[in-house]
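Results of the structural survey
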Amino acid sequence: MTAETMPTKLVGQAIKRREDPQLITGQGSFLDDIKLPGMTHACVLRSPYAHAKIKSIDTSKAKAHPGVVAVFTGEDMLDLNPLPCAWQAGRVKNNVNTPRVLAVGEVHFVGDPVALVIAEDRYIARDACDLIEVEYEPLPVVVDAKKATEPGAPQLHENAPNNIVMEWEAGDKAKADAAIAAAEVVVREQIINQRLIPTPMETRGSIARYEPATGEFTLWTTSQAPHVMRLVLTAFVFGIPETKLRVISPNVGGGFGQKIFCYNDMAFTMWAARKIGRPVKFVEDRSENYKYSTHGRDHITDVELAGNRDGTITGLRVTTYANLGAYLSTIAPGIPTTLYGRIITGAYRIPAAYVKVYGVYTNTAMVDAYRGAGRPEASYLIERMVDRFAAEIGMDPAEVRRKNFIPPDAFPYDNGLGLLPYDSGNYEAALNKALEIVGYAEFRKQQEEARKQGKYLGIGISSYVEICGVAPSKWIGLPGEGWGAGLWESANVRVHLTGKVVVTTGSLPHGQGVETTFAQIVADELGVPYDDVVIEHSDTAGTPFGYGTYGSRSLAVGGMAVYRSVAKIKEKAKKIAAHMLEANPDDMVYENGRVYVKGSPDRFKTLAEIALQASVAYDLPEGMEPFLDETTYYDPPNCTFPFGTHIAIVEVDPDTGIVDLKRYVAVDDCGNVINPMIVDGQIHGGIAQGIAQALYERAVYDENGQLVTGTLMDYAVPAAHMLPPFETARTVTPSPVNPLGVKGAGEAGTIASAQAVMNAVIDALSPFGVKHMQMPATPENVWKAIRAAQAAS
Amino acid sequence: MIPAPFQYYAAKTVNEAIGLLQQHGEDAKLLAGGHSLLPALKLRLAQPAVLIDISRVSELKGITSNGDRLVIGAGSTYYEIARNEAVRAGCPVLAECVGQIGDIQVRNRGTIGGSLAHADPAADPPAVALALGATINVMGPNGARSIAADNMFVGMLTTALSSDEVITSVTFPILGKGEGAAYAKLRHPASRYAIVGVAAYVKFDNGTVSACRIGVTGAGSVAVRQPAAEAALVGTSGDDAAIAAAANAAGDGIDYLGDIHASAEYRQAMVKVFTRRALTEAVRRARG
Ligand SMILES: Cc1cc2nc3c(=O)[nH]c(=O)nc-3n(C[C@H](O)[C@H](O)[C@H](O)COP(=O)(O)OP(=O)(O)OC[C@H]3O[C@@H](n4cnc5c(N)ncnc54)[C@H](O)[C@@H]3O)c2cc1C
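Keep in mind it's a predicted model, so treat the numbers as computed, not measured. (Residues numbered from 1 in each chain as written. Chains lettered and ligands numbered in written order. Predicted model: local features only at pLDDT ≥ 70, side-chain atom pairs only at ≥ 80, totals over all residues. Heavy atoms only, no water.)

Some remarks on the site of the ligand
Residue and element names in this part refer to chain B. The test is simple: Each residue is tested against the molecule or strand, and it is near if at least one of its non-hydrogen atoms lies within 4 Å. Throughout this description, a polar contact denotes any pair of N or O atoms lying within 3.5 Å of each other; where both atoms belong to protein, one of them has to be capable of donating a hydrogen while the other can accept it, and for residues adjacent in sequence the pair is counted only when both atoms sit in side chains. In these tables, accessible area is a Shrake-Rupley quantity obtained with a 1.4 Å probe, and a residue counts as shielded only by the protein chains included in the view. The secondary structure listing takes helices from DSSP runs of H or I that are at least 4 residues long and strands from runs of E that are at least 2 residues long, numbered from the N terminus. Gly falls in the polar group here, along with every residue not listed as nonpolar (Ala, Val, Leu, Ile, Met, Phe, Trp, Tyr, Cys, Pro) or charged (Asp, Glu, Lys, Arg).
Surrounding the ligand, one finds 33 residues, the nearest of these being L30, G34, Y78, T111 and D124. Between the ligand and G102, the relevant distance is 2.9 Å, taken from an oxygen atom to a main-chain nitrogen or oxygen of the residue. For the ligand, the protein covers 94% of the area, taking 960 Å² as the surface of the free molecule. The dominant element in the shell around the ligand, judged by the number of residues it contributes, is helix α7 (residues 112–118), at four residues. For the shell around the ligand, the per-class residue count stands at 17 nonpolar, eleven polar and five charged.

Points about the pairing of strand β5 (residues 113–119) of chain A
Residues and elements named next belong to chain A. Convention followed: For every residue, the accessible area (1.4 Å probe, protein chains only) is compared with the maximum for its type, and the residue is labelled buried under 20%, exposed over 50%, or partly exposed between those bounds. Strand pairing is defined by DSSP finding a minimum of two bridges between the two strands.
Burial analysis of β5 places seven of its seven residues in the buried class, the great majority of the element. In this sheet, β5 lies alongside strand β3 (residues 68–73) in antiparallel orientation, the contact comprising five bridges. Each bridged residue has a counterpart across the sheet, and for V71 the counterpart in β5 is V117.

As for helix α9 (residues 375–393) of chain A
All names here are of chain A. The condition is simple: To estimate the expected span of a helix, count its residues, drop one, and scale the result by 1.5 Å.
The terminal C-alpha atoms of α9 lie 27 Å apart, and with 19 residues this matches the ideal 27 Å at 1.5 Å per residue to within 8%. α9 sits mainly inside the fold: 17 of its 19 residues count as buried. Looking at the residues trailing α9, positive phi occurs at G394, about 70°.

Points about the domain arrangement of chain B
Spelled out, the test is: Where a domain begins and ends is set by an automatic assignment or by a domain database.
The domains assigned to chain B are domain 1 (7–53), domain 2 (58–173) and domain 3 (179–286). Spacing between the C-alpha centres of domain 1 of chain B and domain 3 of chain B amounts to 34 Å.

Overview of the pattern of salt bridges
The condition is simple: Each salt bridge in this description consists of a side-chain nitrogen of Lys or Arg and a carboxyl oxygen of Asp or Glu lying within 4 Å of one another.
This model, assessed by the stated rule, comprises 63 salt bridges over all chains. The shortest N-O distance in the salt bridge between A:R401 and A:D387 comes to 2.8 Å. Of the two residues, A:R401 is situated in helix α10 (residues 397–404) and A:D387 in helix α9; the sequence distance between them amounts to 14 residues. For A:R401, a relative accessible area of 0% translates into the label buried. B:D150 serves as the salt-bridge partner of B:R225, at 2.8 Å between the closest nitrogen and oxygen. Taken as a pair, B:R225 in strand β14 (residues 224–225) and B:D150 in helix α9 (residues 149–152) lie far apart in primary sequence, 75 residues in all. For B:D150, a relative accessible area of 43% puts it in the partly exposed group. One salt-bridge network, held together by shared partners, links A:K173, A:D177, A:R188, A:E304 and A:R317.

Quick look at the side chain of B:S169
Note the following rule: The contact definition used throughout considers only heavy atoms, calling two residues in contact when any of these lie within 4.5 Å.
One can find B:S169 in strand β10 (residues 166–173). Sequence-distant contacts of B:S169, that is, excluding residues within four places in its chain, are made with B:V71, B:I72, B:G73, B:A74, B:T135, B:I136 and B:N137.

Printed below as a string of structure tokens:
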């Protein structure tokens, strides 16, 4: 954008993403684009068994294969600690088992790494894997989280009886029990939130280089949180000084949570690079990504919702079995607890609620945060049950929602589940807007008519609330919710001699458009041209320590750190300008990139002039340090709570069970909006992933622990033509948590959408007597639900 | 995702390809569009020692119309077939079928010869070949021969082709007045292959159905005809009741498959539903 076309105020403008020209012209640099001199290539031999003892490993043939540099097994890497679990469920005992870099003695899921081949190229490395002979003694397998806790189930780890990682609860059990016992109506369901595979377009990987002279490592890795990886790898896995490792995230081709975590390839490429004295590259293929990198969701939940015939919800009782896979991934236990259990009542004032969560080990890939992380599961559960309740008492689902919403004057609102208070909200306004856009009353008439003609239309409402920018550290951290560190974010802002502004952030944008939005904020606040602001990130060398990008935190936490640093810059600029103009610092006004004396706007200095003065430092106020350079470590006082209502309209073909998603309306409230186009983009992508869960995607293990959906030929990621156009709109309820009034928008679309579609499908099927069905609503599942309901009636 | 090592030959003629097949025997595989073979190689489910690339053999290219027949070179891609004017005018059901295969990348690479030779249980083209009574023309060490579609598909991934033969072309009829055909498919959500695919052909003489052929793919281990359903329609007026009765008679003789996307029970029910849909559309088209 040129200076002339640039609007004066950038915040709120749909400015095109500065990230995109490079990416859409194929000039991005992703991990697999990186080639280092002398680089070797790693391939991992993985367990074909879901549970087995390793009796022996013979690597001699692989070692002798031409082009193979080295072959290692778990026994070779015993100097490395297992990968840490950095977020254990708060205030309860966690039976922790984390993966070793390579398995030792026993494997616990298909894909568990057993040996590592390093070779001159990737092809040789792969061929040599086939030459390794491993003798396994298969052990019994369990893949279902509920069955895994039953007596006689196969046991994965000695320290976790009945495969239980932890038992965690929130709310008031006695009150919930009493409410359910006293209720006029109780609806009960078993609700399954199926396992999903995040499927970033770029798979994961690492490249490590070691400098023997200094003992320093450089690690390029597909990470959403390079500073955290540096900390975890050095302090926990290797036991070396943090200063000996530099971590760089190149362009990251989608993360969706899967790339937050510490993975074995980060460690084994480092370890092997040091051992062989050459750089080592490892890039997963899609099958490995599906087998080994983390999955999401996978809850089995028994839920009871109690209420009165007038539509008032009086109680909620929930028991969830959360499948965490074979070992604990980096933040796994925190997801079904803090980010799920504590928001299980959603947007509703429910006086008595209780949730119990069992984290469970099974012989499956590790499960951890996937876009939305806990909140989609919570939102799906409550929104499905509200519809279920509405159908039971014969009341319109929109009406039941209205009746039970937390009203606008109840904020800050404490939901009684141990969460910090919801910051702000106007849930009914968003619902009304969505109903208006979709033409709700009109649709209900059409639906009536259509049914008479044997056509099955359905509408589904999802009124969600979620948690973004999780903080403050003293709440989320170890003494509280169990997160093993802080959750603040950092930003450094410098105005260079030429007046150009360099921002470094601890956030790690990888598709969120953060470079654009941060630059919009800085340009507005400092009153400098947008193009004069550069946002740097991704490299632990040159950026302040930060926690990275996930949990929709980059703007509400990272952006606030930038905002604060800019405010400090402005304060210092005022002092320097006062000195230059021989005025009183208290009389200075900062406006549009100029500092002037209050009352006489033509006595001013521009930021560029001030920056030059600060930089050359020939004449600064007594005792002042040179340069405009300010850093902030921003720890918010609370999380933020975006909300909204999504509505889906479907038509179901009862002969085949095919669901035709005809319309999708999304009204989201993420507080103030910095860039509406970017917010829309985030919402669109999020909705696509939620619809994917409702209609298409599921990760399936068979009873032997084989991943049946191990390739994209069976795991149904929707293509563009499988999604309808999205009609997006907004309400704006600023967050009082931060002066920008922002909440976050990265995950809302996913959190809101699956239940909108499922509620619509079940609404369409209601004439057949269908009250609930599990996701995904594939043709066969719908067809069976119709037949089961018909058989039952 | 990395295949085992193999030797690669790019054949220039059909004879050269046959010679290489004879020379390398069971170790060799022809490579056409690669969209069935390469996925299997990448997962190391297939590990042939020799690949003979026939994608540049010009004899296998081209679509010609001769009177009442269309001769489609085995190396024609789905894209070429779906866009071909002679096919769209003379045998629109073929264009309709191959136009629904996979996604655009698959249609740009995959070939009709490769599909019929591979005989994937979920492939679309075999259903249309059966319904239209196509002929598969092949060349081997002993010269040329033709295989009727009815005799081609023997079992799961198994055909009447011998391992040293190359499909050179496929002959389809050009449909005339009173004839109509349609393809109806339930798509696999991930791969877009057929969970159930039904191709139906009908011919009317004096307002009565004089011939009917139905080919079903996807449901079982191999694509098959539906004689009972066909017989049920022949001699009727082809009205809705007759179609419903014929569709109801469909589903026999299929060795049903079941997987996470569709159980055997569901596929069985869908054979009837999609037979009805394909027949309804074929009748509509036949009546012009
Ligand atoms: C993502 C994806 C989606 C797909 N979706 C569909 C779909 O919806 N419907 C569908 O029908 N198919 C689908 N396919 C398969 C596709 O149609 C294949 O292209 C086709 O099955 C094989 O044709 P090919 O030319 O690619 O053959 P190749 O893969 O090259 O070869 C397949 C087999 O046929 C043999 N062969 C090839 N040509 C000849 C010949 N002329 N004579 C003798 N033998 C020969 C080869 O040796 C090999 O054994 C899909 C494939 C992919 C990868």
